[in-house]
2 protein chains.
Amino acid sequence: MEGLTSLGFQVGYEPDISQEAVEHSIHLYSGLIVSTRIKASESLLKDASLLRFIARAGSGMENIDVAYAKTKNIVCINSPEGNANSVGEHAIGLLLAFYHNIATSYLELQESKWLVQENRVHELEGRTVGIIGYGNTGKSFAKKLSSFDMEVMAFDKYLRNYSDEFAREASMDVLFERCEIISLHVPLTPETFKMVNADFLNRFKEKIKGAALDVYENEKFETHTTLEQQVFHELLHSRKVIVTPHVAGKSFESKKKIAEVLLRKIKEILNVKPLS
Amino acid sequence: MEGLTSLGFQVGYEPDISQEAVEHSIHLYSGLIVSTRIKASESLLKDASLLRFIARAGSGMENIDVAYAKTKNIVCINSPEGNANSVGEHAIGLLLAFYHNIATSYLELQESKWLVQENRVHELEGRTVGIIGYGNTGKSFAKKLSSFDMEVMAFDKYLRNYSDEFAREASMDVLFERCEIISLHVPLTPETFKMVNADFLNRFKEKIKGAALDVYENEKFETHTTLEQQVFHELLHSRKVIVTPHVAGKSFESKKKIAEVLLRKIKEILNVKPLS
């Protein structure tokens, strides 16, 4: 906010504003900074005659109609660099929690169960990991894996020649054949929606031992259908699944890093066309 | 067992044997391989006239009277190399579980609590870690930390000039002054018994945010005194403490690695004085 003010903006901070209130006042604004709650849809943007940019404090752009914004000359930016380290750390944490039974044995101890044989751990060393989506968070995860003596390969549909010191470029066929661990680092788009379906899972040579999840299709628990409730209840009570409440990228440090990234990108936009 | 048989030993595998039964038959054996349950004390060893070696499948030698064994020309060996990788991984897992609220938010979700703000994560990046005890497991932990962009220092009372690519040698005074994270990798000896007392903790500039524990003073829960029960109950129900049931080194992989290390060391003993 200080940075924007020093650029000449008047800044309003309204973390609890409703979608309707944004629609009613959008014509007054030159810029919009959102997380995931406000939908920057065509109906919101149609009256945004002054709007120069929409900035997403985070990575996913699924709540922003980027194509429509473009037709109105509104620049859309995000800040995946800002929480990549946090997400990379969280993915390693989930992986180790799964292989070393950290969350489940902690839960058992809460229930006064001291179980050693049942919690013998599996080392990560020597195993093969496939990363799907080799952008900021995928790379951060690969970098952290580099000290664990594992084989790391990555598939990214939109990149070419992206092998680096942390991961080797590979096709999905190679991942299906070779990987025991898969980490997903792709945005939600029409193309990735329900990508991990039965057909996808059945193509892996290794069968599924479990899952570690931080993000869910419907995170508004109060709106869960009976089926969604049943599925989530089943995941929660399976000792093969670890869950965290969509916090991988929400570190205290990333809040600041995201603000810095967005401020830099907004300055770049203004350098092209200064604020009138 | 196959390796020992091929060396000419007759091998008995008695994982559930009682202390008394070992005492009654110890005079028949040339070698004893133990975990932590059997106490190789003076009373057990006094009749061990044929005994050539005591091998600990694991690291800690606190259940073996090494000094007394030496007077009887019995060689004592352990296998800290065998589970060092597993322990190093587990320590990283506990550290990330703590800083990223992985075990506690998993527990909350079991209780139907979806709490994002309360579970904002803290990144490891940029923080300073102090390792106390720079042997096999301390080094394994340091190596794995090397991909997390942290500052890593190590204190070891019994080593000199041990700075390496993963950790910088430092005094305890420097650790007290600089470290936000301390990882303990020392054996239980009279010298380390209750080392982490109030006086020790008060010397740190940073005050305690929490603890991640895998090993406990009394792991036989059925023998806990009322006070021990109270203390453990308090630890379990504090969201500042994560606990696992002494499994850090008990990986499936380390079982095999420990056997290989012990077999190699037993061969070395026999090379000095062959089996008569």
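Our structure's up above, just so we're on the same page.
Reading guide: rules and limits
Counting starts from 1 at the beginning of each chain's written sequence and moves along it residue by residue. Whichever chain is written first is A, and whichever ligand is written first is 1; the rest continue in order. Local features in a predicted model are, by the rule used here, given only for residues with pLDDT of at least 70; side-chain atom pairs are given and counted only at 80 or more, and totals for whole chains, interfaces and linings are based on all residues. To obtain the side-chain values, all non-hydrogen atoms of the structure were used and water was disregarded. In this description a helix means any DSSP run of H or I spanning at least four residues, a strand means any run of E spanning at least two, and both kinds are numbered starting from the N terminus. When accessible area is computed with a 1.4 Å probe and restricted to protein chains, residues below 20% of their type maximum are described as buried, those above 50% as exposed, and intermediate ones as partly exposed. Contact criterion: two residues are considered in contact whenever any of their non-hydrogen atoms come within 4.5 Å of each other. Residue-level accessible areas treat just the shown protein chains as cover; the underlying method is Shrake-Rupley with a 1.4 Å probe. Working convention for charge: Lys and Arg count positive, Asp and Glu count negative, and His plus the chain ends are omitted. To locate a charge, the coordinates of NZ of Lys, CZ of Arg, CG of Asp or CD of Glu are taken. By salt bridge we mean one thing: a side-chain nitrogen of Lys or Arg within 4 Å of a carboxyl oxygen of Asp or Glu. For the least-squares superposition of copies, only C-alpha atoms count, and only for residues with pLDDT at least 70 in both.

Caption draft 1: Representation of the overall build of chain A within the structure. Counting its regular elements, chain A contains eleven helices and nine strands. Out of the 276 residues in chain A, the part that is buried amounts to 45%. Within chain A, residue pairs in contact and separated by at least 24 positions form 56% of the contacts whose partners lie at least 6 positions apart. For chain A, the exposed surface amounts to about 14700 Å²; the carbon and sulfur share of it is 55%. Distance between charge centroids for chain A: 3 Å, based on 33 positive and 37 negative side chains.

Caption draft 2: Highlighting the pattern of salt bridges. Per the stated rule, a full pass over the model turns up 36 salt bridges over all chains. Among the salt bridges present, the one from A:D173 reaches A:R203, with a minimum N-O distance of 3.0 Å. With a gap of 30 residues between them, A:D173 in helix α8 (residues 172-178) and A:R203 in the loop between α9 (198-202) and β8 (211-213) connect regions that are remote in the sequence. Owing to a relative accessible area of 45%, A:R203 belongs among the partly exposed residues under this scheme. In this structure, B:K194 and B:E217 form a salt bridge, with 3.6 Å as the shortest nitrogen-oxygen distance. Residue B:K194 is located in the loop between β7 (181-184) and α9 (198-202), and its partner B:E217 is located in the loop between β8 (211-213) and α10 (226-237); the two are separated by 23 residues in the primary sequence. A relative accessible area of 63% means that B:E217 is categorised as exposed. Where salt bridges share partners, they join A:R127, A:E180, A:E206, A:K209 and B:E253 into one cluster.

Caption draft 3: Inspection of the relation of the copies chain A and chain B at higher detail. In the superposition of chain A on chain B (RMSD 0.1 Å, axial shift 0.0 Å), the rotation amounts to 180°. In the structure described here, the two chain copies are related by an operation that fits a two-fold rotation axis. In terms of proximity to the rotation axis, the leading residue of chain A is A:A103, whose C-alpha is 2.2 Å off the axis.

Caption draft 4: Spatial organisation of helix α6 (residues 102-110) of chain A. Residues and elements named next belong to chain A. Counting buried positions along α6 yields nine of nine residues, so the element is predominantly enclosed. I102, A103, T104, S105, Y106, L107, E108, L109 and Q110 are the residues of α6 that are buried. One or two steps after α6, the chain reaches S112, where phi turns positive at roughly 60°.

Caption draft 5: Region of interest: the environment of A:A154. All names here are of chain A. With respect to the secondary-structure elements, A154 resides in strand β5 (residues 151-155). Looking at A154, the relative accessible area reads 0%, which means it is buried. As a C-alpha pair, A154 and E14 span 140 residues in sequence and 40 Å in three-dimensional space.

Caption draft 6: Up close: unusual backbone geometry. Phi angles above zero are rare outside glycine, and A:K194 is one such case at about 60°. For B:N161, which is not glycine, the phi torsion reads 55° and is therefore positive. The topology assignment puts B:N161 in the loop between β5 (151-155) and β6 (168-169).

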